[in-house]
Every structure is written in structure tokens, then in C-alpha cells.
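So the chains spell out like this:
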Amino acid sequence: MGRIPYEITGISTSLFGIQWQKKDTDRKVAHEVIIFLEDRRLLFGDRHVEDEAHCVQSAMQIRAFLTEQLKRHEVGRELGLALKAMRAACRHFVDLAGPQGENFGYRMGPIGANRFGLALGDLRAQMGFYIAAVATQHKIEVDDGLSAILPPPPEDEDGDLSWLPGFGGQQGDS
């Protein structure tokens, strides 16, 4: 992990030479991840109190899918970090919920806060940030449902956002 994957495209002869190009693995994996997440209503659909167990299962499925992508493909450093951060956000949501969502239940948290709603909002915000970074970096269009959790695109008056993963040199682009 962390290496840029290359493939050999040719070999020269006069003494020695090799031709190579960067594999398109990162874009392919990023596209597969975005497509998978576009079908996860946990991230953007309306939620109801009785949905806790289903949401926990969905978060666990997202984690498993992201882990599988990291195991199956040799991805670049930036994409690898984004996928790991998304996986960590799902793990945090599951840890807060408990295996069947029993920690959310119908009980309210401190000062009447809805623990389920707060944890879900936190998950969506974190996932939205990393989905936006991955989609921007790999120029992948995100469907309307999933795009609801993306942060607004940077504007010129936002200044230099190159320090954000996936936004290097991209400020002002839509």
C-alpha cells in the first residue's frame, strides 16, 4: 500500500529499456466505491427510529466492502487514506450503536439529544467529505441521492484548499 501501481507496456533492446504507465486502478476502485455508496440509503435517505439495526448492518456492509477494495487492489496513498477514513467513520458509527443498534434505542442522550440522529449526522458528514475528495480527485460524477451529503464545492473566495486531500490545485473548479 502507498505505492503507485504501474504496468509494463514495452521493453526496448539497445542495451536495455523499459516502458511503463500508471495503472488506472485508483480511478477504477474510486468509481466502484462511489457506485456502491450511491445505493446505500444509510448515507442519504430519510431515517426513522425503527431503522437503527438496519443502519448498523448497512454501515458494517460498507466497512466490509471498503476493506475488500483495499485488500483486492493496490491503490495509491491518497485513495487508500480516504477509503480507510471512510471505513473508520463506519466503525465509529457501529461502535456507538452496538452490534444491533441497541445503544441508540428509543432512549435520548444527554439533554434530550437523539443519539441515533447525532451519530448518523456525524457519519454522513465524514463520509460526505471523503466522497467529495475522492470524486473530485478522480473526476467522478456522484448521483443526486448521495450528493446530498457532499459539502458545497469550494468557491474562489474560499482561498487555497490544496491542503485538503483531493482538493489540491482544484479550488474554484466545479
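Data block above holds the structure.
Bear in mind the structure is a predicted one, so any value in this text is a computation, not a measurement. (Residues numbered from 1 in each chain as written. Predicted model: local features only at pLDDT ≥ 70, side-chain atom pairs only at ≥ 80, totals over all residues. Heavy atoms only, no water.)

Draft legend 1. Structural context of the side chain of H138. Within the secondary structure, H138 sits in helix α4 (residues 115-138). Not counting chain neighbours up to four residues away, the residues in contact with H138 comprise D26, R27, A30 and L79. (Helix = DSSP H or I, 4+ residues; strand = E, 2+ residues; numbered from the N terminus. Contact = heavy atoms within 4.5 Å.)

Draft legend 2. Representation of helix α3 (residues 77-97) within the structure. A rise of 1.5 Å per residue sets the reference length of α3, with its 21 residues, at 30 Å; its end C-alpha atoms lie 30 Å apart and thus fit the reference within 8%. For α3, the complete set of buried residues consists of L79, G80, A82, L83, A85, M86, R87, A89, C90, F93, V94 and A97. Summarising the contacts, the buried residues of α3 are in contact with α1 (25-38), α2 (52-72) and α4. Trailing α3 by a residue or two, G98 shows a phi angle of about 90°, which is positive. (Expected span 1.5 Å × (residues − 1). Buried < 20%, exposed > 50% of the residue type's maximum accessible area, 1.4 Å probe, protein only.)

Draft legend 3. Layout of the environment of V94. Relative to the helices and strands, V94 resides in helix α3. Each C-alpha atom, one on V94 and one on A53, is 9.9 Å from the other, the two residues being 41 residues apart in sequence. Ignoring sequence-local partners within four residues, the contact set of V94 consists of V56, A59, M60 and R63.

Draft legend 4. Expanded view of the packing of α1 against α3. Orientation of α1 relative to α3, taken along the N-to-C sense of each, is 25°, at an axis distance of 11 Å. Taken together, the axis directions place α1 and α3 in an arrangement best described as roughly parallel. Here the hand of the crossing between α1 and α3 comes out left-handed. In contact with D26, V29, A30, V33 and L37 of α1, α3 contributes L79, L83 and M86. When the residues that make up the contact of α1 with α3 are grouped by side-chain class, the tally is seven nonpolar, no polar and one charged. (Axes fitted to C-alpha atoms, helices over the stretch in contact; angles between N-to-C directions. Parallel < 35°, antiparallel > 145°, perpendicular 65-115°, else oblique. Left-handed = near helix turned anticlockwise from the far one by under 90°. Nonpolar A, V, L, I, M, F, W, Y, C, P; charged D, E, K, R; others polar.)

Draft legend 5. Looking closely at the nonpolar core. In this structure, L37, L42, L43, I62, F93, M127 and I131 are the most contacted members of the largest nonpolar core, which totals 38 residues. Elements with a contribution of two residues or more to this core: α1, α2, α3 and α4. When residues in this core are grouped by element, the largest group, nine residues, is from α3. Ignoring sequence-local partners within four residues, the contact set of F93 consists of L42, C55, V56, A59, F104, F116, A119, L120 and L123. (Core = buried A, V, L, I, M, F, W, Y, C linked by side-chain atoms within 4.5 Å.)

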